[in-house]
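# Summary of the model geometry
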Amino acid sequence: MADARPLLFFDSGVGGLSVLAPTRALLRRAPLVYVADSGGFPYGTKSEAEIAARVPALLGRLAERYDPRLIVIACNTASTIALQHVRAALDLPIVGTVPAIKPAAEASQTRVIGVLGTDATVRQPYVDDLAARFASDCTVLRHGSAELVDLAEGALRGIAPPPERLRAVLDGLFAQPGGERLDVIVNACTHFPLLEAELAAAAAHAVRFVDGGPGIARRVAHLTEGQQWPDAPPPGRAVFTSRDADTAPLGPALERYGLTTVETL
C-alpha cells in the first residue's frame, strides 16, 4: 500500500521554500507539509537558549499532528543551534540545513569566500568547524543580516527589494579586507536564495552564490529510497503558527510551490 505520510519542512518563515523546491522537483509524488513558525519569527535575532527550547518542543507537536516520515529543518539558524536537541527528542529522520561552505570552497578560484546569514548563524562555532574542515586554505568572510530576511519575506508578498538595500547588505562582505577578491558567497540563510537574482545584480562585482537546497534534496531522496508514495499526492499544506495581515499576500507564492492548503497550528 502507498504510504501517505508527508515530508515536513520547518522554518521560522517562508525561507525554507528554497529548500522545499528542489526536493519537490526530485520527489514529485511526495506529500508535503511546510511549517512557518510565524509566531516565533525571526529566529536570527533570538538567543541560542530561546531557539534551543522552542524548536524541539514545536517540532514534537508537529510530528504528533502530521505524522511525517521525515522532517527537514529548513533553517540554518535552527539547525546550527537545535538540530541535536531535535534528534534526541524525536524518533524519526531529521535533516538539518548547514552553510554550504564545502561546495563554496570547492568552487572558489580566488580562495576568498563569503558566508551571508543571520547574526545567529554566522557567529556559531559550527561555522568555525565547517570553515576549518572544508575551507582551511580560504579566507572566510562573514556577515549577518536580519534585514535581508525581511526583504526576502517581502519579495514573496510581491514587494520588490530596493537594490540599494541589497548593495548595503552585500557591502558587509565586500567592504571587509579581502572582499575585493571574493568570488563565492554562501547563502547561509534559507531566505536568501529567494533573492539570488536580485543579489547577483546588486553585487559590487561578479560573484557566484551557493546554498544547501540541492544537497538537502538529494539527502531526502536517499533517506526515503525504496519507500512508497501515493500515486496522486494530496495538495501541499502550508501551516503557520500564527496568522496576521502579512500571511494572506503569501497565497500566490505558496501555490507556486504546490502549497494550496493553508492552515494554522
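Before reading on, note that the structure itself is shown above.
The present account deals with the structure reproduced in this document. Note that the structure is predicted; figures quoted are calculated from it, not measured. (Residues numbered from 1 in each chain as written. Predicted model: local features only at pLDDT ≥ 70, side-chain atom pairs only at ≥ 80, totals over all residues. Heavy atoms only, no water.)

### Concerning empty space enclosed by the protein
- Tallied over the full model, the rule gives 3 cavities of 30 Å³ or more.
- By volume, the largest cavity is sized at about 80 Å³.
- In terms of lining, the largest cavity is formed by 13 residues, of which the most central are Ser-12, Cys-75, Thr-77, Thr-118 and Cys-189.
- Its residues assigned to classes, the lining of the largest cavity shows 4 nonpolar, 8 polar and 1 charged.
- Roughly 50 Å³ of internal volume is contained in the second largest cavity.
- In terms of lining residues, the second largest cavity is bounded by 14 residues, among which Thr-97, Asn-187, Thr-190, Asp-211 and Gly-212 are the most central.
- For the lining of the second largest cavity, the per-class residue count stands at 6 nonpolar, 7 polar and 1 charged. (1 Å grid on protein atoms, 1.4 Å probe; cavity = no way out; pocket = protein on both sides within 12 Å on 5 of 7 lines; lining within 4 Å. Points joined across faces, edges and corners; volume = space filled by probe spheres on them. Nonpolar A, V, L, I, M, F, W, Y, C, P; charged D, E, K, R; others polar.)

### Looking at the sheet that holds strand β8 (residues 208-210)
- If you trace the 4 strands from one edge of the open sheet to the other, you get β6-β5-β7-β8, paired in parallel fashion. Strands at the two margins of the open sheet, each flanked by one partner only, are β6 (139-144) and β8. For this sheet the average axis-to-axis angle between neighbouring strands, irrespective of direction, equals 25 degrees.
- The sheet contact formed by strand β5 (residues 112-117) and strand β7 (residues 184-187) spans 4 bridges and is parallel. Note that in β7 the partner of Gly-114 across the bridge is Ile-185. (Pairing = 2+ DSSP bridges. Helix = DSSP H or I, 4+ residues; strand = E, 2+ residues; numbered from the N terminus. Axes fitted to C-alpha atoms, helices over the stretch in contact; angles between N-to-C directions.)

### Comments concerning the environment of Thr-110
- Structurally, the position occupied by Thr-110 is in the loop between α4 (101-107) and β5.
- Sequence separation between Thr-110 and Ala-238 is 128 residues; the distance between their C-alpha atoms is 41 Å.
- In contact with Thr-110, not counting residues within four places along its chain, are Arg-181, Leu-182 and Asp-183.
- Only 3.3 Å separates the side chain of Thr-110 from the backbone nitrogen of Val-112, close enough to count as a polar contact. (Contact = heavy atoms within 4.5 Å. Polar contact = N/O pair within 3.5 Å; in protein donor to acceptor, adjacent residues only side chain to side chain.)

### Concerning the packing of aromatic side chains
- Per the stated rule, a full pass over the model turns up 1 aromatic pair.
- Seen from their ring centres, Phe-10 and Tyr-43 are 6.4 Å apart, and the 40 degrees between their planes marks the pair as tilted. With a gap of 33 residues between them, Phe-10 in strand β1 (residues 7-11) and Tyr-43 in the loop between β2 (32-36) and α2 (48-66) connect regions that are remote in the sequence.
- Residue Tyr-43 is classed as buried on the basis of its relative accessible area, which comes to 2%.
- The ring of Trp-229 is capped by Arg-69, whose NZ or CZ atom sits 3.9 Å from the centre of that ring. (Phe/Tyr/Trp six-rings, centres within 6.5 Å; stacked < 30°, edge-to-face > 60°. Buried < 20%, exposed > 50% of the residue type's maximum accessible area, 1.4 Å probe, protein only. Lys NZ or Arg CZ within 6 Å of the ring centre and 35° of its normal.)

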